[in-house]
Each structure stands twice: as C-alpha cells, then as structure tokens.
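Remarks on the overall topology
Listed below, chain by chain, are the residues.
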Amino acid sequence: MARILITSALPYINGIKHLGNLVGSQLPADLYARYMRARGHEVMFICATDEHGTPAELAAAKTGEPVDAYCARMHAVQTDLAHGFALSFDHYGRSSSARNHALTQHLAAKLGEAGLIEEIAEKQVYSHTDGRFLPDRYIEGTCPACGYERARGDQCENCTKQLDPTDLINPRSAISGATDLEVRETKHLYLRQSKLRDTLDQWIDRQQGWPVLTTSIAKKWLHDGDGLRDRGITRDLDWGVPVQFDGAPWQGMDGKVFYVWFDAPIEYIAATAEWADRHGLDDSAWRRWWRTDEGADDVRYVQFMGKDNVPFHTLSFPATLIGSGEPWKLVDYIKSFNYLNYDGGQFSTSLGRGVFMDQALSLLPADYWRWWLLSHAPENSDAEFTWENFQTSVNKDLADVLGNLVSRVTKFCRSKFGESVPEGGATGPREAQLVADLTTRLHAYAGHMEAMDIRKSAAELRALWVLGNEYLQEAAPWSSFKTDPDLAAAQIRLALNLIRFYAVISQPFIPEASARIMAAMNSDDWSWPTDVAQALDRLPAGHAFAVPDVLFAKITDEQRADWETQFSGQR
RNA sequence: GGGCCUGUAGCUCAAUUGGUUAGAGCAGAGCGCUCAUAACGCUUUGGUUGGGGGUUCGAGUCCCUCCGGGCCUACCA
C-alpha cells in the first residue's frame, strides 16, 4: 500500500468555473484519487479556492460586498458545486486561511534568510479614481504601433506587440475608465529564482515520463533569453497575505501583500494543515505528507493542472520549497491538460458562452458530465465540446451499453426467477472465456489508470462493459430458459454478479451510478476485484436484489436543440 | 518575431516510440436476436496518414519545406 498525495490546481474565486476548468484539473484528479483509494492506497486529495489578487477585489467591488465576505460566499458556492460533481477532496481549503498566512510568511522568511529575496524599487501605474495600483493589463490605451484603441498595458491584442503601460497613448484604467493615472515608485520583493536555475534544470531532467507539455514549458522558461528570470512576489493590494510581519527579514513593506501566485501553491500544504485542524489532529498528521524528514519520503505526489499553470508548478513553487532550505516534499509527477473548447470557440464567462458547472448540474446528473469530460479529456491537444458529440457519447456509452445491460439482466431475472439471485446450474467454457476476457481488459484498464491515461482508461472501461453484452448475446438465457432453466439460472447468476463487478470498477468515473447499482444489488462490497472469478461469485444464490430505475435516461434531440440555443452565448 | 504542440476514415480518437495488410467508437450498409432504455450481437463499406521533397531494407513515426489549427511568451490567475 502506497501513500499518494494528489493536488488539483486551485480554482480562482471570482465566479463559477466552466467545464473546461473542471476537466483541466479537478475532475481528472478526482478520478485518480478515487481509483487509488479503490486500490487500497492511502490517499490525500487536496484542493482549495484561490482567493487573492486583483480580480477577486474587483469582483467583490462589483457586488458591493467586502472582499472577505465575497470570498467566503463564493467559496461556499464552489464547495457545493464540488459536492455536486462528486469531487472527493479530503479537504477543500481556502488560500485566505490562517494556515496559509502563517506558512506563506514562514517560507518567505526562510527564502529571505537564504538570500533569495531581493527588494526592488520599481515604477507602477497608480489610479487615483480606483484608489489602487493597476496591473499592466488593467490599463488600456491606444497602441503606439498600430493605433488600436483598446490595447492593453502588457500587449496589444490587435498587433500582438509587447507593450509597457507607459507606451500607451491616452492611457486609462480598464476598471473605471479613469485617466487620472500616475506613475509612482513602489518597492517590491523579488524571488531570486535565477539563482536556482541549474538546480531546477537538473531536477526537471531527473523527472521521467512527464508529459511533453509539462517539460517543454518548463524548459522554455529555464532557457529562453537570459534564462529563468527573477519574479516579483508582492503586490500593492489590501487583500492577501501581509508582507510585513513579526520576524520578517525586511522592513517598510507595510500595506503590501504577497502575489497570489506565491501563496496559492503554498495553500496545497496549508490546506492539508486545515484538514488536520478540522479533524482535530496534531501537526504531525499533515507534516507526514509534506516533510520528507517527518515521513513524506515514501509519498508519491501528483499534481493535476491546465497548461497555463505549468510554469508556476515546475519552477516558481519548487523554487520556493527548495530555496527555503527545508525538506519539503516536491512533486513527483505533473499531469497537465490542454484546453476544452466549446463548439468551435472558447468558453467565455463574459459572453455567457459554454456550459458552467452550476448550469451543467441543473441539466443532468454529474455522471453524465464526468463520463463525457473524462472520456474526452484534452490530454494530447485541445478538445472540443459539442452537444451532438455529448448526446451520442452519453446515450451510447452510458444508456445503451451500461445502463441497458443492467436493465435487461435485472428485469429478465425478475420475470423468470424473481428478485433474488437464482440457484442451480453450472457454468461452462463460455463463462470461463468471459472471465479470461474480463481479466485481460481489467489489467489493461488498471495499467491506464495507473499511468493517468484518461481517455484510454475510459475506452477500456467501456470495452469491459461491452463484454457483458457480448456474453449475454451468446449465452442467450432467454433461450436456454426454455430448454434448460438451470443453465439459464447459472447464466443470470453470473450476469447479476457482473453488474456488481461493473459498479465497483466504474466507480472512479461514475460514482453516483455505481452507488445506485450497488444499492439495487444490495451490496456494499466495494473491494477491488483482483481475482475476477471470485469477484463474480460475491452475490450468492438466494441473495435479494431490486430492479433499479433507469440508470441513464437518454438525451433527446429536443433537449439537445434547446441546450444548443440556450448556451450559444447571447446572454 | 521566438518557442512548443498539433493535422490519421464523414465525426471523435488509437497505433507497443522506425517494423507485416494503419486500428477502435460513433455515423452509414447488411444480417441475427427479442431479455432490455427502438436496446444488444455479428458482418461490412470507408484512409495516397494536410501537400511536396529527403534519409532508410522499411516512415503515420525521423529530417527539410510549404499549408492549416492551437498554446505559451514571465504584471490575469
């Protein structure tokens, strides 16, 4: 039994996430966590809301709430949605927690002591009307190169030229439109990660089998131009972890907070501490997951994230942990994802284009979305959601192949033998063949799950379901019942057991449907099948069961058409 | 501009990392079955692997080039 630490990239607090966000980190992380638990491993699965930064402050201002109240409310909303999608976090924390404040300040102090923090005075644009410094991209103006009037302070979207905010003609605040902008000098802390470049480079080189997407992005940042650049880790904001604190190795940083990308990954650790607090455990309970000197050296740590998160997880966060000089657990494997697009374009919050987590659950149960999203996870390239694909996939895979199998077996048994597992008869070579086929495919399925090959896992699971329909077709208990009822009884006894077997192995993908099947089969034996023949003998003759309601109702053409219109983006 | 990924059947994707005749699912066609959510099973049509050139006994896979799609490019997170 291994110990596996799993973190999902933290969803940002300023709104409800869309399906692309979900499939890019939280959902595949959940699949992996569920599978590893099912295999008997000790799992710590951590996620949290990422609550700091300018967008959170602006979102709160828009609703008129204090930012802490806004974040608390949105955290509750996202927690509900996580439950709705059956995401099995051991803890869903908050980056604004006291634990994260303390740990972020601790690590910053350690980095300072190690000589890896530098104070740099720089010029930033301040908006009097907004009462805040503006990040580059929150400043708009006319592009000096092409004349585009809505160029942003970091880059012109029209001509793609890199810009400095002071390059803009007629600059204005993108928040308020205010033009009373002023360049002010302000002091910030920089993480001198350039000093760790070789260490990070060698660490990346030692990682075997990481997705190309992960290592190529890291390598680019390490070797582009002059190599890895130092990075500002503080901001002039109110909401966040204060930079000035008792014991800080610097002065004069009052009123500043750490940059959200500095404190967000630290929350992985802090959230584990929050987990311990919630369960009344002492610090050793979480430190055994994170400190290699306190038991974490046998932990396997896997991170899940979208590709936009890769630089922070391959470079900045490791630099923070390594630079602290303390024995923190580093990530062992990074599973990164491309983007999910929506029907020919990108998901868009502002345009109301695409399907968001709350809307998805209002249309259909979580398992429908889980199955489609996971079986089409954007592992090798960007993927695309279309309603037509969703409808055919879900109807075919879930309703026809799996759902109907459960239905045909349980209903046949009820009509011929009653609602308990029939007795009598014996199985023969056809059944032995089924066991052999299931064993082969179960091994392949397990191999893909271990490797986090998500699409392949889904395809293999579906193939396992298909074996049930093939068997039933050949065995044809409806025929054998007429000539040899005992044989039919043995066949159906096996088929009922097969249904329970499917519920167990399908649970990581479709946990709610699996639970319904298990309830109908009147079983709570979720142990992972290591010996297929034994696993198909768990429900003995005489064991009572119930015919479940339709497991997966089909998506109709009318529904599909309605939803296509509803989510096309003219909100 | 630079870097990276990607292009395989009508659609969504595989192809053990250079090795027989490029495979699945869906869609299409035919047959079978009648337990079941008009479900299931079997058979089958369909590809000059984006175009061109090269290396090799052998290329979907490696190299060059052109065309198309996408991502990143460090102050959004």
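All of these numbers come straight from a predicted model, not from anything done at the bench. (Residues numbered from 1 in each chain as written. Chains lettered and ligands numbered in written order. Predicted model: local features only at pLDDT ≥ 70, side-chain atom pairs only at ≥ 80, totals over all residues. Heavy atoms only, no water.)

A closer look at the overall build of chain A
- Counting secondary structure elements, chain A contains 19 helices and 16 strands.
- Rg of the C-alpha trace for chain A: 27 Å, near the compact-globule value of 25 Å for 571 residues, within the 12% margin.
- C-alpha extents for chain A along the principal axes are approximately 90 × 55 × 40 Å.
- Considering chain A as a whole, with its 571 residues, one finds that 56% of them fall into the buried category.
- Long-range contacts, defined here as pairs at least 24 residues apart, represent 76% of the contacts in chain A between residues at least 6 apart. (Helix = DSSP H or I, 4+ residues; strand = E, 2+ residues; numbered from the N terminus. Rg over C-alpha atoms; globule rule 2.2 N^0.38 Å. Buried < 20%, exposed > 50% of the residue type's maximum accessible area, 1.4 Å probe, protein only. Contact = heavy atoms within 4.5 Å.)

Overview of the side chain of Lys329
- Of note, Lys329 is situated in the loop between helix 9 (310–323) and strand 14 (333–337).
- Within polar-contact distance, the side chain of Lys329 engages the side chain of Asp332 at 3.0 Å.
- Residues in contact with Lys329, not counting those within four places in the same chain, are Trp289, Trp290, Thr292, Ala296, Val299, Tyr301 and Leu321. (Polar contact = N/O pair within 3.5 Å; in protein donor to acceptor, adjacent residues only side chain to side chain.)

Looking at unusual backbone geometry
- The phi dihedral of Ala86 falls on the positive side, at around 60°, and the residue is not glycine.
- Along the chain, the position of Ala86 falls in the loop between helix 3 (67–84) and strand 3 (91–94).

A word on the packing of helix 7 (residues 260–278) against helix 8 (residues 283–290)
- Viewed as axis vectors pointing N to C, helix 7 and helix 8 meet at an angle of 150°, and their least axial separation amounts to 8 Å. The angle between helix 7 and helix 8 falls in the class roughly antiparallel. Like other packed secondary-structure pairs, helix 7 and helix 8 cross with a definite hand, here right-handed. Here Tyr268, Ile269, Thr272, Ala273, Trp275 and Ala276 of helix 7 lie close against helix 8, whose contacting residues are Ala285, Trp286, Trp289 and Trp290.
- Tallied by class, the residues present in the contact of helix 7 with helix 8 amount to nine nonpolar, one polar and no charged. (Axes fitted to C-alpha atoms, helices over the stretch in contact; angles between N-to-C directions. Parallel < 35°, antiparallel > 145°, perpendicular 65-115°, else oblique. Left-handed = near helix turned anticlockwise from the far one by under 90°. Nonpolar A, V, L, I, M, F, W, Y, C, P; charged D, E, K, R; others polar.)

Brief notes about the nonpolar core
- Trp369 and Tyr502 are the most contacted members of the largest nonpolar core, which totals 162 residues.
- Here the element with the most residues in this core is helix 12 (residues 387–416); it accounts for 12 residues.
- With residues near it in sequence (within four places) discarded, Trp369 still touches Leu19, Phe85, Val355, Ala360, Leu361, Leu363, Leu364, Leu374, Phe385, Trp387 and Phe390.
- In this structure, Ile13, Tyr70, Cys71 and Met74 belong to the second largest nonpolar core, which totals 11 residues. (Core = buried A, V, L, I, M, F, W, Y, C linked by side-chain atoms within 4.5 Å.)

Some details on the environment of Ile266
- With respect to the element layout, Ile266 can be found in helix 7.
- Distance in space between the C-alpha atoms of Ile266 and Ser88 is 21 Å, their sequence separation being 178 residues.
- Among residues more than four places away in sequence, those in contact with Ile266 are Asn100, Leu103, Thr104, Leu107, Phe317 and Thr320.

Considering the pairing of strand 6 (residues 139–142)
- Where strand 6 meets strand 8 (residues 169–173), three bridges bridge the pair, whose relative direction is antiparallel. Bridging from a neighbouring strand, Thr142 pairs with Ile169 of strand 8.
- Pairing geometry for strand 6 and strand 7 (residues 151–152), over two bridges, is antiparallel. Paired with Glu140 across the bridge in strand 7 is Arg152. (Pairing = 2+ DSSP bridges.)

As for the state of the cysteines
- On inspection of all chains with the given rule, the structure shows zero disulfides.
- Cys71 supplies the cysteine sulfur nearest to Cys47, a cysteine that is in no disulfide, at a spacing of 15 Å.
- Take Cys47: its relative accessible area is 0%, and that puts it in the buried class. (Disulfide = S-S within 2.5 Å.)

What to know about the layout of surface pockets
- Approximately 210 Å³ is the volume attributed to the second largest pocket.
- Lining the second largest pocket we find Pro211, Leu213, Tyr333, Lys335, Ser336, Glu379, Asn380, Ala451, Met452, Asp453, Arg455 and Lys456.
- Of all the elements in the fold, those that place two or more residues in the lining of the second largest pocket are strand 14 and helix 14 (454–475).
- Class assignment of the residues belonging to the lining of the second largest pocket gives a composition of five nonpolar, two polar and five charged. (1 Å grid on protein atoms, 1.4 Å probe; cavity = no way out; pocket = protein on both sides within 12 Å on 5 of 7 lines; lining within 4 Å. Points joined across faces, edges and corners; volume = space filled by probe spheres on them.)

Some words on the sheet that holds strand 1 (residues 3–8)
- What the five strands build is an open sheet, ordered 3-2-1-13-14; its pairing is parallel. Here the strands that pair on one side only, and so sit at the sheet edges, are strand 3 and strand 14. For this sheet the average axis-to-axis angle between neighbouring strands, irrespective of direction, equals 20°.
- Relative to strand 14, strand 13 (residues 299–306) runs parallel, the two sharing five bridges. Paired with Gly306 across the two strands is Phe337, which belongs to strand 14.
- Against the sheet, helix 9 contacts strand 13 and strand 14, and its axis sits at roughly 140° relative to strand 13.

Topic: the pattern of salt bridges
- For the structure on display, the rule yields 40 salt bridges.
- A salt bridge links Asp30 to Arg370; its shortest N-O distance comes to 2.7 Å. One end of the pair, Asp30, is in helix 1 (residues 19–38); the other, Arg370, is in helix 11 (residues 366–375), and 340 residues separate them in sequence.
- Using a relative accessible area of 0% as the deciding quantity, one classes Asp30 as buried.
- Notably, a salt bridge pairs Arg73 with Glu65, separated by 2.8 Å at the nearest N-O pair. (Salt bridge = Lys/Arg side-chain N within 4 Å of Asp/Glu carboxyl O.)

Quick word on the packing of helix 5 (residues 197–206) against helix 6 (residues 212–223)
- Between helix 5 and helix 6, the shortest axis-to-axis distance is 11 Å and the interhelical angle comes to 160°. Between helix 5 and helix 6, the crossing angle belongs to the class labelled roughly antiparallel. For the crossing formed where helix 5 meets helix 6, the hand is left-handed. The segment helix 5 lies against helix 6, with Arg197, Leu200, Asp201, Ile204 and Asp205 engaging Thr215, Ala218, Lys219, Leu222 and His223.
- In terms of residue class, the contact of helix 5 with helix 6 is made up of four nonpolar, two polar and four charged.

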